[in-house]
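Residues per chain are reported as follows:
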Amino acid sequence: MKFMAKKKMTLMISIMGVALFVAAIAGTSYAFFAANVGTKGDNNTTNVTSGDIKALFSDNEQLNVENIIPGDIVSKTFSLENTGTVPITYKIVMNNVENTFTRKSDVTYVLKENGVIIKTGTFPSTNGAISDTITISKGVTNTYTLEVTYINSPTEDQAEDMGKTISGKIFIEETK
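Per chain, residue numbering runs from 1 following the sequence as it is written. The model is predicted, so local features are restricted to residues of pLDDT at least 70 and side-chain atom pairs to those at 80 or more, both for listing and for counting; the totals for chains, interfaces and linings are taken over all residues. Processing note: side-chain calculations cover all non-hydrogen atoms of the structure and skip hydrogens and water entirely.

A.B. asks: I would appreciate a short explanation of the overall build of the chain in the present structure.
C.D. replies: In terms of regular secondary structure, the chain is built from one helix and 12 strands. Burial status across the chain gives 32% buried among its 176 residues. Areas reported as accessible are Shrake-Rupley estimates using a 1.4 Å probe. Residue values count occlusion only from the protein chains shown. Carbon and sulfur atoms make up 58% of the accessible area of the chain, which totals about 10,800 Å². Strands here mean DSSP runs of E at least two residues long; helices mean DSSP runs of H or I at least four residues long; both are numbered from the N terminus. Three labels apply to residues, based on accessible area from a 1.4 Å probe with only protein chains included: buried if under 20% of the type maximum, exposed if over 50%, partly exposed otherwise in between.

A.B. asks: I would appreciate a short explanation of the nonpolar core in the present structure.
C.D. replies: A general tendency of soluble globular proteins is for nonpolar side chains to be buried together. Here, nonpolar core refers to any group of buried Ala, Val, Leu, Ile, Met, Phe, Trp, Tyr and Cys residues whose side-chain atoms link them within 4.5 Å. Within the largest apolar cluster, 28 residues are counted, with the highest numbers of intra-cluster contacts made by Tyr90, Ile92, Phe123 and Leu146. If you list the elements that add at least two residues to this core, you get strand S3 (53-57), strand S4 (62-65), strand S5 (73-82), strand S6 (88-99), strand S7 (107-113), strand S10 (134-136), strand S11 (141-150) and strand S12 (166-174). By definition in these notes, contact holds between two residues if any of their heavy atoms fall within 4.5 Å. In this structure, Leu146 is in contact with Leu63, Val74, Ser75, Lys76, Met94, Tyr109, Val110, Leu111, Ile130 and Ile170, ignoring residues within four places of it in sequence.

A.B. asks: Mind showing me how you'd approach the side chain of Asp106 here?
C.D. replies: Within the secondary structure, Asp106 sits in the loop between S6 and S7. Residue Asp106 is classed as buried on the basis of its relative accessible area of 5%. Under the rule applied, a polar contact is a pair of N or O atoms within 3.5 Å (in protein, one hydrogen donor and one hydrogen acceptor; residues adjacent in sequence only if both atoms are side-chain atoms). A polar contact is formed between the side chain of Asp106 and the side chain of Gln158, at a distance of 3.0 Å. Setting aside residues no more than four positions away along its own chain, Asp106 makes contact with Thr149, Tyr150, Ile151 and Gln158.

A.B. asks: Can you walk me through the packing of aromatic side chains in this structure?
C.D. replies: Any pair of aromatic rings gets described here by the distance separating the centres and the angle formed by the planes. Two rings from Phe, Tyr or Trp (for Trp, the six-membered ring) form a pair when their centres are within 6.5 Å of each other. A pair whose planes differ by under 30 degrees is stacked, one over 60 is edge-to-face, and the rest are tilted. Enumeration over the complete set of coordinates arrives at three aromatic pairs. Ring centres 5.5 Å apart and planes at 25 degrees place the aromatic pair Phe78 and Tyr144 in the stacked group. You can see Phe78 sitting in strand S5 and its partner Tyr144 sitting in strand S11, a full 66 residues away along the chain. Accessibility assignment for this pair places Phe78 and Tyr144 in one class, buried. Between Phe101 and Tyr150, the aromatic rings sit 5.0 Å apart at their centres with planes inclined by 80 degrees, giving edge-to-face as the arrangement. With Phe101 in the loop between S6 and S7 and Tyr150 in strand S11, this pair connects stretches of sequence that are 49 residues apart.

A.B. asks: It is not clear to me how unusual backbone geometry should be interpreted in this structure. Could you clarify?
C.D. replies: With phi around 55 degrees, Asn96 is a residue other than glycine that occupies positive phi space. Along the polypeptide, Asn96 turns up in strand S6. What makes Asn96 exposed here is its relative accessible area of 51%. We note that Asn114 has phi near 50 degrees; this positive angle belongs to a residue other than glycine. Looking at where Asn114 falls in the secondary structure, it is placed in the loop between S7 and strand S8 (116-122). Asn114 gets classed as partly exposed once you look at its relative accessible area, which sits at 43%.

Okay, structure coming up:
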């Protein structure tokens, strides 16, 4: 009898240990919203995938603007798909930002979601959000276009910004 009771106790402890291990792994997986980036094929397409969201950049997530002249508009298009089972809230952010323009207010951006303007502003000088919080429902894919414009100011001398550059890396930051 003591052998059966000891065997039952060992089985119960083993089951509890496995359950705790599974709960810890699930909690850790949910806690981190990590992206795995990889370039596919010769067309330089970049897919960024986490457990719940997939980003597709036609020419990678890096934005590099050089030799822009007043009046130019540079566009970058990407899509985000919620591959999970629940809605996800996130912000679109720019990291590794470099903006060497002296007249920073002359460089603006427009962010469109599925062709509709959702945010406008001056292109950032530092890392930060370029969108407000966005919610994407499960199974939905949204297409985003980021348009960077160097405003042509007919009344101001813009010569000081000739040869200046703008760059940054587009990231998706999950919000709670």
